[in-house]
Amino acid sequence: MMSNLQRDTLCVQAGYTPKTGESRIPQICQSTTFFYGDTQQMADLFDLKAEGFFYTRLANPTVEALEKRVAALEGGAYGIGCASGMSAILLTAMTLCRAGDNIVCASEVYGGTFNLFGTTLPKLGVECRMFDVDDPKEKIASLVDDKTRFIYAETVANPVVAVLDFEKLSSIAKENKLLFIVDNTLATPILCRPGELGANIVIHSTSKYIDGHAAALGGMIVDIANFDYKGNPRYPDFNTPDESYHGLVYADEKVPFGTKCRAQMIRDTGAIMSPQNAFLTYLGCDTLALRMERHCSNAKKVAAFLNSHPKIEWVRHPSLEHDRYHALAKKYLPMGTGGMMSFGIRGDAHDCARFMEHLKLITQETHVADVRSCVLHPASTTHRQLSDEDLKKAGIPANLVRLSVGIENPDDIIADLTQALAEV
Ligand SMILES: *Cc1c(COP(=O)(O)O)cnc(C)c1O
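Residues numbered from 1 in each chain as written. Predicted model: local features only at pLDDT ≥ 70, side-chain atom pairs only at ≥ 80, totals over all residues. Heavy atoms only, no water.

## Structural notes on the overall build of the chain
For clarity, the threshold we go by: Each helix is a run of H or I in the DSSP string that is no shorter than four residues. Each strand is a run of E no shorter than two, and both are numbered from the N terminus. Note on method: radius of gyration uses C-alpha positions; expected globular size equals 2.2 Å times residues raised to 0.38. The buried label applies to any residue whose accessible area, calculated with a 1.4 Å probe on protein chains only, is under 20% of its type's maximum; exposed applies above 50%, and partly exposed to all values in between. For this analysis, residues touch if any pair of their heavy atoms sits within 4.5 Å. All accessibility values rest on the Shrake-Rupley procedure with a 1.4 Å probe; residue burial counts only the protein chains present in the view. A positive count includes Lys and Arg, and a negative count includes Asp and Glu. His and the chain ends are not counted in either. Positions of charges follow a simple convention, taking NZ of Lys, CZ of Arg, CG of Asp or CD of Glu.
Looking only at helices and strands, one finds 16 helices and twelve strands in the chain. Taken over C-alpha atoms, the radius of gyration comes to 22 Å for the chain, in line with the 22 Å a tight globule of 424 residues would show. Taking the principal axes of the C-alpha coordinates as reference, the chain spans close to 75 × 55 × 40 Å. Looking at the chain residue by residue over its 424 residues, the buried ones come to 54%. Restricting the contact set of the chain to residue pairs at least 6 apart, pairs at least 24 apart contribute 71%. For the chain, the exposed surface amounts to about 18,600 Å²; the carbon and sulfur share of it is 53%. A distance of 1 Å separates the average location of the 42 positive side-chain charges in the chain from that of its 51 negative side-chain charges.

What follows is the structure, encoded as structure tokens:
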């Protein structure tokens, strides 16, 4: 393929190139195992001396097509398709941490990530130190010590739509020779490439915009391969032979993190993407660039509409000039920040429920970032156990409605919001 292709071209061209007479798009390779004629060929595969497939728990041709596509979109060196976004995050942490280590993580992250880092990993002896994305650099930097293994944040935080200050976090990582890991799910590589802004590893829940159709669960880890592990005392497991892999030293590999993650953690956990889901996600990804353009332009119109509506108390979307992340969004995501926003209805949880029940086109869902517009009222669903006081502390007032703007005609979305707000 030609080099230096633009991202909208990569969306449809990267990942798989057929040889003469082969299918134009990757086929669903529905096989657990692969045939080899002689023992030496198999031995070379196991020694990582030759490339090829031997067992679908480690790698599969359909999954590889998607891995290559997303890696190309991120400008990275290597992708690993995982069973879900959450498994991608877990595998990344397991590749880097052991009991006694710690991680430094933004508290404005996806709820599942917050639970994994805040509750589950501590039970395994990995401590999580949370910071507020708006904290000054010195305060965040003071959390780092010699047991810290990575800094973690989201490009566009779910659900609070905070835009990451890349400069602030990547400079802390660089000064401490520390990995900087970014979850780029809600921005997608179309709107932002974290690897060009200092990130070393990029993570996706492909279940969101990359699939885009709410059809397939999946996750992706992209190793940008721009970090030097050699002799770095933070990463002894990269600098000493892995006895569970015939003495391989990962720091000597071309893609140290990706190789270690697959050879150890994918092997040991089996949390790999299925060929069927990789196929669906690959098809969805064909239109990613087009869809993101429409999500952004629709969200901008909807945010402006809500912002001027008398029954709306406040709107959070970085396209609005008053938004606290407007300047960061302009700097790092000039095309837009995607379709996610939140707003407060003048009234209480009861008024929100009334509004939601009267929506006709926009549906209530525990999902975001697909082609169809959907809403969620956290106070009566995901956060319903919390008191009004606790909701406020969590930054989720009782009147907050989360809206994921789809790619429908923007006039239809606005018309539906208008008629439902009239019922409040
Ligand atoms: C949904 C989501 C995840 C988790 O992904 P799953 O595919 O649902 O496991 C992780 N990070 C972000 C930002 C998400 O929106």
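## Some thoughts on the nonpolar core
Rules: Here the nonpolar core consists of buried residues drawn from Ala, Val, Leu, Ile, Met, Phe, Trp, Tyr and Cys, with membership extended through side-chain atoms lying within 4.5 Å. Where each domain begins and ends follows an automated or database-derived domain assignment.
Among the nonpolar cores identified, the biggest contains 97 residues, and Phe117 and Phe150 are the most heavily contacted of them. The element best represented in this core is helix α3 (residues 61–73), accounting for six residues. Formed jointly, this core draws a minimum of three residues from each of two domains, domain 1 (2–284) and domain 2 (288–421). If we ignore the near neighbours within four places in the chain, the residues touching Phe117 are Ile89, Ala93, Ile103, Cys105, Pro122, Cys128, Met130, Phe150 and Tyr152. Ala299, Phe343, Cys352 and Leu417 belong to the second largest nonpolar core, which has 25 residues in total.

## Comments concerning the sheet that holds strand β11 (residues 374–376)
Applicable threshold: For two strands to pair, DSSP has to find at least two bridges joining them. Comment: axis = line fitted to C-alpha atoms, over the contacting stretch for helices; angle = value between 0 and 180 degrees taken between N-to-C directions.
Pairing within the open sheet is mixed, and its five strands lie in the order β8-β9-β12-β11-β10. Bordering the open sheet on either side are β8 (312–316) and β10 (363–364), each of which pairs with just one other strand. Two strands pair when backbone bridges link them, and β11 and strand β12 (residues 400–404) are joined in this way by three bridges, in the antiparallel orientation. Within β12, the residue paired with Cys374 across the bridge is Ser404. The sheet contacts of helix α12 (residues 288–307) involve β8, β9 (340–345) and β12, and relative to β9 the element is tilted by about 10°. Along the sheet face, helix α14 (residues 349–358) touches β9, β10, β11 and β12 and points at about 125° away from the line of β9.

## Focus on the domain arrangement of the chain
Operational definition: Here's the idea: put two parts together, see how much 1.4 Å probe accessible area each one loses, and the total over both is what we call buried area. Here a salt bridge means any side-chain nitrogen of Lys or Arg lying within 4 Å of a carboxyl oxygen belonging to Asp or Glu. As used in this structure description, the phrase polar contact means that two N or O atoms lie within 3.5 Å; if the pair is within protein, one of them must be able to donate a hydrogen and the other to accept it, and residues adjacent in sequence are counted only when both atoms belong to side chains. Only Asp, Glu, Lys and Arg are considered charged, only Ala, Val, Leu, Ile, Met, Phe, Trp, Tyr, Cys and Pro nonpolar, and every remaining residue, Gly among them, polar.
Partitioning the chain into domains gives domain 1 (2–284) and domain 2 (288–421). Using C-alpha coordinates to define each centre, domain 1 is positioned 29 Å away from domain 2. Each partner contributes residues to the interface: domain 1 has 33 residues there, and domain 2 has 29 residues. A combined buried area of about 2,700 Å² lies between domain 1 and domain 2, and 67% of that area is made up of carbon and sulfur atoms. Of all residues in domain 1, Val163, Leu191 and Tyr209 give up the largest surface area on contact with domain 2, accounting jointly for 29% of the area buried on that side. Where domain 1 touches domain 2, the interface holds one salt bridge. Put simply, Arg324 and Asp134 hold a salt bridge, and the shortest N to O gap is 3.1 Å. Along the contact surface separating domain 1 from domain 2 lie twelve residue pairs in polar contact (both at pLDDT 80 or more). Broken down by element, the side of domain 1 that touches domain 2 gets its largest block of residues, three residues, from helix α8 (residues 188–191). Considered class by class, the residues forming the side of domain 1 that touches domain 2 number 20 nonpolar, seven polar and six charged.

## Here's the deal with helix α10 (residues 256–269)
Put simply, the rule is: By definition here, a helix of n residues has an expected span of 1.5 Å times n minus one. Bend, at a single residue, is the angle you get between axes fitted to the 7 residues ending at that residue and the 7 residues starting at it.
Between its terminal C-alpha atoms α10 stretches 19 Å, which fits the 20 Å expected from 14 residues at 1.5 Å a residue. Of all the bends in α10, the greatest, near 30°, is centred on Arg262. With eleven of 14 residues buried, α10 lies mostly within the body of the structure. All of the buried residues in α10 are Pro256, Phe257, Gly258, Thr259, Lys260, Cys261, Arg262, Ala263, Gln264, Met265 and Ile266. Contacts made by the buried residues of α10 are with α3, β1 (78–82), α4 (85–96), β6 (201–205), β7 (219–223) and α9 (236–239).

## Digging into the pairing of strand β2 (residues 102–106)
As a general feature of sheets, a regular strand has side chains that alternate between the two faces. Counting buried residues along β2, five of its five residues qualify, which places the element largely inside the surrounding structure. Relative to strand β3 (residues 127–131), β2 runs parallel, the two sharing five bridges. Across the sheet, Ala106 pairs through a bridge with Phe131, a residue of β3.

## Side note on the side chain of Asn184
Among the secondary structure elements, Asn184 is positioned in the loop between β5 (179–183) and α8. With near-sequence residues (within four places) excluded, Asn184 lies in contact with Glu74, Thr155, Pro189, Cys192, Pro194, Val202, Ile203 and His204.

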